[in-house]
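Overview (structure and organization)
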Amino acid sequence: MKKLVVVSAGLSVPSSTRLLADRLAAAVERRAPVSVRVVELRDLAVEIAHNFTNGFPGRALAAALEAVTEADGLIVVTPVFSASYSGLFKSFFDVVDKDALVGKPVLIAATGGSARHSLVLDHALRPLFSHLRAVVAPTGVYAASEDWGAEGLPERIERAAGELAGLMRAGSLREEPDRAVTVPAPSAPEPRGSLSEPAGSLTEPAGALREPAGAGSAAGAADGDGTSPGDGRGATVSHGFRVVPFEEQLAALRG
């Protein structure tokens, strides 16, 4: 069964912040089998302050931090103070390990006295959990005083709960530990001329003149510079080609 942890930063009892947190948790429970644990930050305020000064969490705070770290999904709800999350809310996530929320699905929500503070979701909460590398559900829920009992809030709760349940079913996106990757050594370059042709062979260029028939034997008799004396009729053989004097060519034309 998936573990769902609800972090509520409400200060009063009863609290509209806790009420919104409970409704969101109930909506998720209707969509997925989860075990729900609620963390009330109001009860941890002193231990959070001591953790800042001495670097050691108290027993209750340590249990809350462990629950958040091991959770499969989080619902975080804060009241709006000075157009942002409360100091108690921020202080708690300041003492959470920096890698505890990596890849973890989170549903953000807030309560306030006026609808004018609804941008706290996108201007404060979403950047905070993006910095912590959590996976924030697309729909955040803000509840002003006039929203309770009015149309719209139940629909937003259901939509956000459905998104969180889907993310929890998909599982955490936490990266796996780095694994050693074996890179094959580059193969040695193949020697020139080794492709199906003898070493040192040259490909005949396009348009090259081929030797005429019989030129091979003439070339074989050539001198060291590739020129043979001739064939007895005034013609000479050079590099396998028979060179006919102009007079002999003119006589052949007249005949």
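Keep in mind that this is a model prediction, so the values were computed, not measured.

Secondary structure assignment for the protein yields eight helices and 10 strands. By the burial criterion, 36% of the 255 residues in the protein qualify as buried. In the protein, of all internal contacts separated by at least 6 residues, the share reaching a separation of at least 24 is 72%. Carbon and sulfur atoms make up 56% of the accessible area of the protein, which amounts to about 15300 Å² in all.

To continue, consider helix α1 (residues 16–29). Along its 14 residues, α1 runs 20 Å from first to last C-alpha, staying within 8% of the 20 Å computed at 1.5 Å per residue. All of the buried residues along α1 are Thr17, Leu20, Ala21, Leu24, Ala25, Ala27 and Val28. The buried residues of α1 occupy an angular sector of 160° when projected down its axis, which confines them to one face. Of the surrounding elements, those touching the buried residues of α1 are β1 (2–8), β2 (34–40), β3 (73–81), β5 (105–112), β7 (141–144) and α6 (153–170). Capping the start of α1, Ser15 holds a side-chain oxygen 3.1 Å from the backbone nitrogen of Thr17, two or three residues further along.

Here the focus is the side chain of Lys104. Examined against the element boundaries, Lys104 turns out to sit in the loop between α4 (87–95) and β5. In terms of polar contacts, Lys104 uses its side chain to reach the backbone carbonyl oxygen of Thr69, at 3.1 Å.

Before going further, it helps to examine the pattern of salt bridges. Evaluated as defined, the whole model comprises 11 salt bridges. The salt bridge partner of Arg133 is Asp99, with a shortest N-O separation of 2.5 Å. With Arg133 in the loop between α5 (120–131) and β6 (135–136) and Asp99 in the loop between α4 and β5, this pair connects stretches of sequence that are 34 residues apart. Its salt-bridge partner being Asp147, residue Arg156 comes within 3.7 Å of it at the nearest N-O pair. Through salt bridges with shared partners, a single network forms among Arg18, Asp22 and Glu40.

In this section: a nonpolar patch on the surface. A cluster of nonpolar residues, Phe246, Leu250 and Leu253, forms a patch on the protein surface that exposes about 350 Å² of accessible area. With respect to the helices, strands and loops of the structure, Leu253 is situated in helix α8 (residues 246–254). On the basis of relative accessible area, Leu253 is assigned to the exposed category, the value being 72%.

So, about the packing of aromatic side chains. Taken as a whole and judged by the stated rule, the model has five aromatic pairs. Here Phe92 and Phe93 contribute two aromatic rings whose centre-to-centre distance is 5.1 Å and whose plane-to-plane angle is 80°, an arrangement assigned as edge-to-face. By relative accessible area, which is 0% here, Phe92 ends up buried. Here Phe93 falls in the buried class, since its relative accessible area comes to 4%. Members of the aromatic cluster, joined through ring pairs, are Tyr85, Phe89, Phe92, Phe93 and Phe129.

Moving on to the confidence of the model for the protein. When pLDDT is averaged along the protein, the result is 83; 73% of the residues meet or exceed 70. In this model residues 194–209 is a low-confidence stretch, pLDDT under 50, and it forms six contacts with partners more than four residues away in sequence or in other chains. Scored below 50 in pLDDT, residues 211–222 shows nine contacts in the model against residues more than four places distant or in partner chains.

Right, let's talk about the pairing of β2 for a bit. Of the strand pairs in this sheet, β1 and β2 are connected by seven bridges, and their pairing is parallel. Looking at β2, one finds that Val7 is bridged to Val39. Between the parallel pair β1 and β2, the chain is carried across by α1, and the sense of this crossover is right-handed.

Examined against the element boundaries, Glu158 turns out to sit in helix α6. You can call Glu158 partly exposed: its relative accessible area is 27%. Expressed as a C-alpha distance, the spacing of Glu158 and Val28, which sit 130 residues apart in the sequence, is 8.1 Å. With sequence-adjacent residues up to four places away left out, Glu158 is seen in contact with Ala27, Arg30 and Arg31.

Conventions adopted
Residues numbered from 1 in each chain as written. Predicted model: local features only at pLDDT ≥ 70, side-chain atom pairs only at ≥ 80, totals over all residues. Heavy atoms only, no water. Helix = DSSP H or I, 4+ residues; strand = E, 2+ residues; numbered from the N terminus. Buried < 20%, exposed > 50% of the residue type's maximum accessible area, 1.4 Å probe, protein only. Contact = heavy atoms within 4.5 Å. Areas by Shrake-Rupley, 256 points an atom, 1.4 Å probe, with all protein chains shown as cover. Expected span 1.5 Å × (residues − 1). Arc of directions from axis to C-beta. Polar contact = N/O pair within 3.5 Å; in protein donor to acceptor, adjacent residues only side chain to side chain. Salt bridge = Lys/Arg side-chain N within 4 Å of Asp/Glu carboxyl O. Patch = residues over 30% accessible without salt bridge, like charges linked within 9 Å, V, L, I, M, F, W, Y side chains within 5 Å. Phe/Tyr/Trp six-rings, centres within 6.5 Å; stacked < 30°, edge-to-face > 60°. pLDDT = per-residue confidence, 0-100. Pairing = 2+ DSSP bridges. Right-handed = clockwise from strand over helix to strand, strands pointing away.

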